[in-house]
Amino acid sequence: MISHHLPASSYVVPLGALALAIAVQLFGVPGGPGHAWVTVLVSLITLAILLVTVFVVLEHAEALAFRLGQPYGTLLLTFAVTTVEVSIIVSMMLHGANNPTLARESVFSTVMIVCAGVVGLCLTLGAWQHRQQDLKRQGTSAILSVLTALTVLTLVLPNYTLSTDPGSFSPVQLIFVSFCSVLLYASFVFAQTVRQREDFLDESAAYTGVHAGNTSRRALYANALFLVIGLVGIVLLAEQVAVGIEDGLAALNVAQSDSIVGAFIATLVLLPEGLAAIRAALNNELQRSLNIALGSALATIGLTIPAVGMASLITGRELTLGLSSGDTVLLALILSISIHSFGTGRTTVLTGMVHLVVFIAFVLLLAVP
């Protein structure tokens, strides 16, 4: 159970991260051969503070989740993390030369990291500790159906349209797919919070909202405020780190630099949700764990694609969404495995190991295409 009171560092770290981010944005980092060590030092400090801030943001998000109850706490964390990812992707799309595939790689990496990596760890560790775990098939099937529709519409369909070059949408098609993405995600949120709320609730979860009335509004507002401050700091710091990685990979002529940067962004912003999902699985709250993990993948597609689509239409920058043939195979594989894994309503260590093997294959092909 989460404590109502957070340590003082939970309030200091977000402020420090935001101050550092503003300083770096305003004054920059000294360049040139003679200042190379300064650039490296600032990058390391930035990355360290960024990672610490991610964990602090998780504390505030979980404190809010405890006070608000489920599923609102899970949705809050999902919206917060997705906002970070959307901000980073859009800012990097507008950084320097046109980068048409960054959004595609970030979204694809998010789906693979969540469905193969995070879910695999949740199922494996949870079943290892509790032997086997049960889930609600109605809620999980609903998440997977929406996730399948979104991924195919946004990442596979662009390869088969005839109006533009393979892998891209025409303006009309992009507007339509963006509208469908928002509509499907909004429908899912409505079902999760109102219409079929009981299908997504884990009866053993500690976040039931029964303690919400015992906490002061002041504490609730403080958690919300420092959550936002921490997220803004993460966005600005992550942009700085990601841009540095992108420039470094370009200088080294590394193949698939967009894939590596996209995977880095996805890994970074998924840390809070990934850790929260694993904690829930270890506490034998598998349904809540899957709500967090799979919900983050839904939010990434449902909110990121419309955001980058709008940015592309406004700025006139090219946007490539269609996956390569190899990535399409991996996507189809992990989605089909997920359908089989959750079809019985019960998971074991073997179920999790299958997901982890696919994740290892994804990482291997990222390093050795």
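Parameters and conventions
- Residues numbered from 1 in each chain as written.
- Predicted model: local features only at pLDDT ≥ 70, side-chain atom pairs only at ≥ 80, totals over all residues.
- Heavy atoms only, no water.
- UniProt positions renumbered as here; feature names shortened; annotations may be inferred.
- 1 Å grid on protein atoms, 1.4 Å probe; cavity = no way out; pocket = protein on both sides within 12 Å on 5 of 7 lines; lining within 4 Å.
- Points joined across faces, edges and corners; volume = space filled by probe spheres on them.
- Helix = DSSP H or I, 4+ residues; strand = E, 2+ residues; numbered from the N terminus.
- Patch = residues over 30% accessible without salt bridge, like charges linked within 9 Å, V, L, I, M, F, W, Y side chains within 5 Å.
- Areas by Shrake-Rupley, 256 points an atom, 1.4 Å probe, with all protein chains shown as cover.
- Salt bridge = Lys/Arg side-chain N within 4 Å of Asp/Glu carboxyl O.
- Buried < 20%, exposed > 50% of the residue type's maximum accessible area, 1.4 Å probe, protein only.
- Expected span 1.5 Å × (residues − 1).
- Arc of directions from axis to C-beta.
- Contact = heavy atoms within 4.5 Å.
- Axes fitted to C-alpha atoms, helices over the stretch in contact; angles between N-to-C directions.
- Parallel < 35°, antiparallel > 145°, perpendicular 65-115°, else oblique.
- Left-handed = near helix turned anticlockwise from the far one by under 90°.
- Phe/Tyr/Trp six-rings, centres within 6.5 Å; stacked < 30°, edge-to-face > 60°.

- Under an unreviewed UniProt entry, the name given to the chain is Ca2+:H+ antiporter, and the organism recorded is Phyllobacterium trifolii.
- As stated in UniProt under Subcellular location (unreviewed entry), the record for the chain gives "Membrane".

1. Things to note about empty space enclosed by the protein
Moving on, step 1. Taken as a whole, this structure holds two cavities of 30 Å³ or more when the rule is applied.
Moving on, step 2. Here the largest cavity defines a volume of roughly 50 Å³.
Moving on, step 3. Around the largest cavity, the lining residues are V54, V81, V84, L231, I234, L268, V269 and P272.
Moving on, step 4. Counting residues per element, the ones that place at least two in the lining of the largest cavity are α3 (72-93), α7 (217-251) and α8 (257-282).

2. Here we look at a nonpolar patch on the surface
Moving on, step 1. A contiguous nonpolar patch, built from I22, L26 and F27 and spanning about 380 Å² of accessible area, is present on the exposed surface.
Moving on, step 2. Relative to the helices and strands, I22 is located in helix α1 (residues 9-27).
Moving on, step 3. A relative accessible area of 38% means that I22 is categorised as partly exposed.

3. Thoughts on helix α10 (residues 325-342)
Moving on, step 1. The first and last C-alpha atoms of α10 sit 26 Å apart over 18 residues, in line with the 26 Å expected at 1.5 Å per residue.
Moving on, step 2. For α10, the set of buried residues is D327, L330, L331, I334, L335, I337, S338, S341 and F342. Down the axis of α10, the smallest arc covering the buried residues is 160°, so these residues share one side. In α10, those exposed residues whose orientation departs by more than 90 degrees from the buried face are S325, V329 and H340.
Moving on, step 3. Contacts made by the buried residues of α10 are with α4 (102-130), α5 (137-156), α9 (286-315), β2 (346-347) and α11 (349-367).

4. Brief notes about the packing of α4 against α5
Helix-helix packing is characterised by the crossing angle of the two axes and by the distance between the axes.
Moving on, step 1. Between α4 and α5, whose axes approach to 12 Å, the crossing angle comes to 155°. Looking at the two axes, α4 sits roughly antiparallel to α5. Regarding α4 and α5, the two cross each other, and that crossing is left-handed. Here R104, V107, F108, V111 and C115 of α4 come into contact with α5, specifically with L147, T151 and L155.

5. Here we look at unusual backbone geometry
Moving on, step 1. Even without a glycine there, the phi angle at R131 is positive, about 75°.
Moving on, step 2. Take R131: it is sitting in the loop between α4 and β1 (133-134).
Moving on, step 3. Backbone geometry at N284 places phi at a positive 65°, although glycine is not the residue there.
Moving on, step 4. Looking at where N284 falls in the secondary structure, it is placed in the loop between α8 and α9.
Moving on, step 5. Using a relative accessible area of 35% as the deciding quantity, one classes N284 as partly exposed.

6. Quick word on the packing of aromatic side chains
Moving on, step 1. Counted under the stated rule, the structure contains four aromatic pairs.
Moving on, step 2. For the pair Y11 and F226, a centre-to-centre distance of 4.9 Å together with 85° between the ring planes defines the contact as edge-to-face. In this pair, Y11 sits in helix α1 while F226 sits in helix α7, placing the two residues 215 residues apart along the sequence.
Moving on, step 3. Between Y185 and F188, the aromatic rings sit 6.1 Å apart at their centres with planes inclined by 35°, giving tilted as the arrangement. Of this pair, Y185 and F188 both sit in helix α6 (residues 171-195), three residues apart, which is roughly one turn of that helix.
Moving on, step 4. Look at F188 and you get buried, because its relative accessible area is 5%.
Moving on, step 5. A connected cluster of aromatic rings, assembled from ring pairs, spans F108, F359 and F362.

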